[in-house]
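# Structure at a glance
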Amino acid sequence: MHFQKLADIINSEIKSLLIFDLTNITILLFNETRFRIMSTVFVTGASGMIGMYLTSSLLQKGHKVIATDSKSNSFVGKENYSFVQCEISDKNAITDIINSNKIDTVVHLALTVDNDISSFITDQEEKAAKLSDKFLYKAVADRDVKNFILISTTTVYPVMKTREPIRETADTKPFSDYAKYKLEAEEHLMKEFKKSDCVPVIARVAPIYTAEYTQNLRDRVYDTKDDVAFVYGDGSYGFSFCCLFNLVDFINGIIAGPSGRYDGIYNVCDTRPTTAKEILDFERELPRIGAVIQRTPGALSNIAIAGKKAKSDYRYVDYATLLHNWSYDNTKAQRIATFRWKLANTK
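Each value, and the rule that gives it
- Residues numbered from 1 in each chain as written.
- Predicted model: local features only at pLDDT ≥ 70, side-chain atom pairs only at ≥ 80, totals over all residues.
- Heavy atoms only, no water.
- Helix = DSSP H or I, 4+ residues; strand = E, 2+ residues; numbered from the N terminus.
- Buried < 20%, exposed > 50% of the residue type's maximum accessible area, 1.4 Å probe, protein only.
- Contact = heavy atoms within 4.5 Å.
- Areas by Shrake-Rupley, 256 points an atom, 1.4 Å probe, with all protein chains shown as cover.
- Pairing = 2+ DSSP bridges.
- Axes fitted to C-alpha atoms, helices over the stretch in contact; angles between N-to-C directions.
- Parallel < 35°, antiparallel > 145°, perpendicular 65-115°, else oblique.
- Left-handed = near helix turned anticlockwise from the far one by under 90°.
- Nonpolar A, V, L, I, M, F, W, Y, C, P; charged D, E, K, R; others polar.
- Arc of directions from axis to C-beta.

### Some remarks on the overall build of the chain
For the chain, the count of helices and strands is 9 helices and 14 strands. Residues classed as buried in the chain amount to 50% of the 347 residues present. Put simply, 76% of the contacts in the chain that link residues at least 6 apart link residues at least 24 apart. On the chain, roughly 18,000 Å² of surface is accessible, and the fraction owed to carbon and sulfur atoms is 54%.

Now the structure itself:
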């Protein structure tokens with residue numbers, strides 16, 4: 001009898017503890033959700049490829065997204081998503097968004113290759129980009145915005161002949177019109193935010209890819225003139241790319257980080273270069289590539305370095321520099337995100 005009473009008391013205490021623990025867990029989950037919804041992110045160029053993947057990730061994490069683009073998208077009407085359809089050069093519309101909302105982070109994707117413009121940046125696009133950058137930076141600098149993320153490009157660096165990975169402290173020497181525009185945008189951003197509490201973050205992003213979008217990969221192994229894939233030697237030479245999901249993780253890391261801690265320039269790219277052989281194997285497996293011809297590295301000495309076309313086309317691949325160093329060091333960016341994505345596990 002005494003044993004039964006003792007058992008009843010123990011069972012009662014266990015149930016009380018379970019109820020207490022479950023209540024605490026519910027409170028913790030509720031508080032976490034409240035914390036996650038606190039970030040309001042303004043995304044320009046939101047209907048582009050990068051913008052769509054980023055928006056999906058931000059909404060999944062509970063953030064509120066305010067977006068703008070000249071084209072609509074499938075997120076319009078979704079919970080925690082506000083969309084204004086306008087050109088990035090529409091000063092009144094853009095400044096009204098900034099002044100009418102309490103924004104924590106701005107992610108400036110508009111007029112970015114691999115997102116919403118082609119590899120050829122026209123004079124009209126460049127002019128519009130410079131004008132919009134000017135009023136956008138000023139409007140944000142005058143508001144209580146935590147940080148501003150500018151998407152730039154690794155092509156602001158010159159082609160290196162040494163094997164040392166290129167770090168953020170390396171000299172810049174953009175060759176293409178697009179790279180020159182992005183470097184000017186970087187300089188203007190840093191100047192405008194010099195006296196602002198808003199923290200500027202510049203992401204120098206290597207050419208983007210996903211499992212479905214492999215144009216930047218193919219450009220390194222496919223000769224459009226001869227309409228054939230090629231490889232030099234055994235294809236062990238490599239290039240720096242950025243899996244789109246590494247970029248999304250990096251942006252999420254900046255948004256989640258403490259205010260004022262992560263300013264500056266970052267090389268945003270895969271941790272390890274992707275070899276020509278890996279690109280060819282990946283494209284063959286899908287399959288999206290046919291026969292591959294083998295070329296000898298010695299033939300590169302007879303190729304003249306491209307001029308006008310390389311200047312106007314961001315994606316132009318100069319075969320004379322194909323075996324030079326295309327490796328960027330992302331050690332600094334790894335403090336923000338894990339960079340776990342690569343060609344072998346991309347989606």
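### So, the sheet that holds strand β8 (residues 222-223)
With respect to topology, 3 strands assemble into an open sheet ordered β8-β9-β14, the strand pairing being mixed. Looking at which strands have only one partner, the edges of the open sheet turn out to be β8 and β14 (292-295).

### Notes on the packing of helix α3 (residues 91-100) against helix α4 (residues 123-141)
Relative to each other, α3 and α4 sit at 20 degrees, their axes nearing to 10 Å. Relative to α4, the element α3 lies roughly parallel. Judged by the sense of rotation from one axis to the other, the crossing of α3 with α4 is right-handed. Across from K91, I94, T95 and I98 in α3, the residues of α4 making contact are F135, L136, A139 and V140. Each residue belonging to the contact of α3 with α4 can be placed in one class, and the counts come to 6 nonpolar, 1 polar and 1 charged.

### Concerning the pairing of strand β4 (residues 105-108)
Of the two faces of β4, both are covered, the one formed by T105 and V107 as well as the one formed by V106 and H108. Pairing analysis gives 4 bridges linking strand β1 (residues 40-44) to β4, with the strands arranged parallel. Looking at β4, one finds that V41 is bridged to T105. Inspection of the sheet shows β4 paired to strand β5 (residues 147-153) by 4 bridges, in the parallel sense. Bridging from a neighbouring strand, V106 pairs with F148 of β5.

### Considering unusual backbone geometry
A cis amide bond, omega -15 degrees, links L286 with the succeeding residue P287. Examined against the element boundaries, P287 turns out to sit in the loop between α8 (276-285) and β14. A positive phi is found at D114, a non-glycine position, where the angle reads about 75 degrees. Of note, D114 is situated in the loop between β4 and α4. On the basis of relative accessibility, which here comes to 6%, the residue D114 falls in the buried class. Residues other than glycine seldom take positive phi values, yet F339 does so here, at roughly 55 degrees. Residue position: F339 is located in the segment after α9 (308-312).

### Digging into α8
Three or four residues apart is the spacing at which side chains of an α-helix point the same way, because the helix has 3.6 residues per turn. Listed as buried for α8 are A276, I279, L280, F282 and E283. Viewed along the axis of α8, the buried residues span an arc of 165 degrees, placing them on a single side of the element. Turning to α8, the residues buried within the fold contact α6 (215-218), β9 (228-232), β10 (238-239), β13 (274-275) and β14.

### As for the sheet that holds strand β2 (residues 64-69)
Think of a sheet as strands paired side by side through backbone hydrogen bonds, with each pair either parallel or antiparallel. Taken together, 7 strands build an open sheet; the order of strands is β3-β2-β1-β4-β5-β6-β12 and the sheet is parallel. The open sheet has two edge strands, β3 (81-85) and β12 (264-268), and neither has a second partner. Averaged over all pairs of adjacent strands, the angle between their axes in this sheet comes to 20 degrees, without regard to strand direction. Pairing between β2 and β3: 5 bridges, direction parallel. Looking across to β3, one finds that T68 is bridged to V84. Across the sheet, helix α5 (residues 177-192) is in contact with β5, β6 (199-205) and β12; its angle to β5 comes to roughly 160 degrees.

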